Amino acid sequence: MGDLYYSKFEIEVLSEVDARALDAAIERCLDVRNSYALNVFRLDACGPYVASKAREFDAALRAFDGAKASKKTELTASMARRRGGSLSSAIRRAQETVEVQAREGETFHVFDDVLPPTRFTPDMSVRVMYQWRASSSESWTHGFIEFTHLVVSRKDYTQPPPKRKPSAAVAARKQQEDLFAEWDHLRKLALWSVRDYFRDGGVASDIPKVFPVRLDRYSKRLDNHSAEFWKPQADDNGH
């Protein structure tokens, strides 16, 4: 699964999962205190979200199975049931997302396979490619938008100062790690922004080729609204 879409293989596996049969299997798991009944559903191949919920349920069942005291058994049984409910909800949510993905794919697609640069600098950018059409009967319009961002260096006062100055190599490695984290944050914001724009009925012709992201006016950092290229910039009073 990418940042926006389930892969073809994940969609195939999800389509084979009968949600009601899964619910029945979850109940059997709770009865016998293990997750073997879930193996047939291949939940580890249903995307990272479902897979994580399956692991949480398995861990809760193990705790339930290992409980000896009555109070501990009661607590772990309750947790296992909650984890099972979360897994059931996760499957249904994933299947609903696949349906939305297929429906939206008729009129737009945002390519979420954005590769990182070989080296990161404070002056960074992310280019998002897309295809769009007004209806499924029309031809595709292909385009891109490049989100640019200049990272403002600032001290992290939440961390204690190092006991001694790091070497140049250590400092350079730390800088690259920090810049990668910032670039990856920018990448996700950019992808979500283009997808949300099309979801809201936006058209390709109104997308700019370049958009300098807007930092939070107080923290001077990226926030959830930084890449919203189609919205007017708020003034100093927040309007």
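For the structure, check the block above.
Source: prediction; values computed, not measured.

Engineer: For this particular structure, what's the right way to read the sheet that holds strand β3 (residues 141–150)?
Structural biologist: Sheet strands pair by backbone hydrogen bonding; their relative direction is either parallel or antiparallel. Pairing in this open sheet of four strands is mixed, and the strands run β1-β2-β3-β4 from one edge to the other. The sheet is open, and its two borders are formed by β1 (108–110) and β4 (210–212), each paired with just one other strand. Strand-to-strand twist in this sheet, taken as the mean axis angle between neighbours without regard to direction, amounts to 25 degrees. Of the strand pairs in this sheet, β1 and strand β2 (residues 123–132) are connected by three bridges, and their pairing is antiparallel. Paired with Val110 across the bridge in β2 is Tyr130. In this fold helix α5 (residues 168–199) packs onto β1, β2 and β3, with an angle of close to 25 degrees to the strand it touches most, β2.

Engineer: Got a minute to help me understand the packing of aromatic side chains in this structure?
Structural biologist: Aromatic rings in a pair are described by how distant their centres are and how their planes are angled relative to each other. Inspection of the entire model under this criterion finds twelve aromatic pairs. Between the aromatic rings of Tyr197 and Trp230, the centroid separation amounts to 5.6 Å while the plane-to-plane angle is 55 degrees, which identifies the pairing as tilted. Here Tyr197, found in helix α5, pairs with Trp230, found in the segment after β4; they are 33 residues apart in sequence, far enough to count as distant. Among the aromatic side chains, those forming a connected cluster through ring pairs are Phe108, Tyr130, Phe147, Tyr197, Phe198, Phe211, Phe229 and Trp230.

Engineer: Would you take a moment to explain α5 for this structure?
Structural biologist: Structural remark: α-helix, 3.6 residues per turn; residues separated by three or four positions point the same way. In a regular helix each residue adds 1.5 Å, so 32 residues correspond to 46 Å; α5 covers 46 Å between its end C-alpha atoms and thus fits that length. Positioned one or two residues after α5, Gly201 has a phi angle of 95 degrees, which is positive.

Engineer: Even after reading the chapter, I still don't get the nonpolar core, so can you show me in this structure?
Structural biologist: The tendency in soluble globular proteins is for nonpolar side chains to be buried as a group. Within the largest apolar cluster, 30 residues are counted, with the highest numbers of intra-cluster contacts made by Val110, Val128, Ile145, Phe147, Val194, Phe198 and Phe229. Looking at this core, the elements with two or more residues in it are β1, β2, β3 and α5. The contact partners of Val110, leaving out residues within four places of it in the chain, are Leu4, Tyr5, Val128, Met129, Tyr130, Leu191, Val194, Arg195 and Phe198. Core analysis: the next-biggest nonpolar cluster, separate from the first, contains 26 residues, Phe41, Ala90, Ala94 and Val98 among them.

Engineer: Even after reading the chapter, I still don't get the pairing of β2, so can you show me in this structure?
Structural biologist: Along any regular strand, the residues point their side chains to alternate faces of the sheet. Sheet analysis places β2 next to β3, joined by ten bridges and oriented antiparallel. Note on β3: the bridge partner recorded for Val126 is Phe147.

Engineer: Just to check I follow, could you spell out the packing of helix α3 (residues 48–66) against helix α4 (residues 70–104) for this structure?
Structural biologist: Any two packed helices are characterised by how steeply their axes cross, that is the angle between the axes, and by the distance between the axes. Taken N-terminus to C-terminus, the directions of α3 and α4 make an angle of 165 degrees; their axes are 8 Å apart at the nearest point. Classified by the angle their axes make, α3 and α4 are roughly antiparallel. Where α3 crosses over α4, the two elements pack in a sense that is left-handed. For the contact of α3 with α4, the residue count by class is 15 nonpolar, four polar and four charged.

The rules behind each value
- Within every chain, residues take consecutive numbers counted from 1 along the sequence as written.
- Under the rules for a predicted model, residues below a pLDDT of 70 receive no local features and side-chain atom pairs below 80 are neither given nor counted, while totals for whole chains, interfaces and linings still include all residues.
- Hydrogens are left out, water is left out, and the side-chain values use all remaining heavy atoms of the structure.
- Two strands qualify as a pair provided that DSSP identifies no fewer than 2 bridges between them.
- Helix and strand labels come from DSSP, where a helix needs a run of H or I of at least four residues and a strand needs a run of E of at least two; each type is numbered from the N terminus.
- Here the axes come from fitting lines to C-alpha atoms, over the contacting stretch only for helices, and the angles between their N-to-C directions go from 0 to 180 degrees.
- Residue contacts are counted whenever heavy atoms from the two residues lie within 4.5 Å of one another.
- Pairing of aromatic rings covers Phe, Tyr and Trp, the last counted by its six-membered ring, and requires centre-to-centre distances within 6.5 Å; plane angles under 30 degrees mean stacked, over 60 mean edge-to-face, and any other angle means tilted.
- How far a helix is expected to stretch is found by multiplying one less than its residue total by 1.5 Å.
- The definition of a nonpolar core used throughout is a set of buried Ala, Val, Leu, Ile, Met, Phe, Trp, Tyr and Cys residues joined through side-chain atoms within 4.5 Å.
- With a 1.4 Å probe rolled over the protein chains alone, any residue whose accessible area is under 20% of its type maximum counts as buried; one over 50% counts as exposed, and the rest are partly exposed.
- What sets the label is the angle itself: under 35 degrees gives roughly parallel, over 145 gives roughly antiparallel, 65 to 115 gives roughly perpendicular, and the rest give oblique.
- A clockwise turn of the near helix away from the far one marks a right-handed crossing, whereas an anticlockwise turn of less than a right angle marks a left-handed crossing.
- For this classification, Asp, Glu, Lys and Arg are treated as charged, while Ala, Val, Leu, Ile, Met, Phe, Trp, Tyr, Cys and Pro are nonpolar and the rest, including Gly, are polar.

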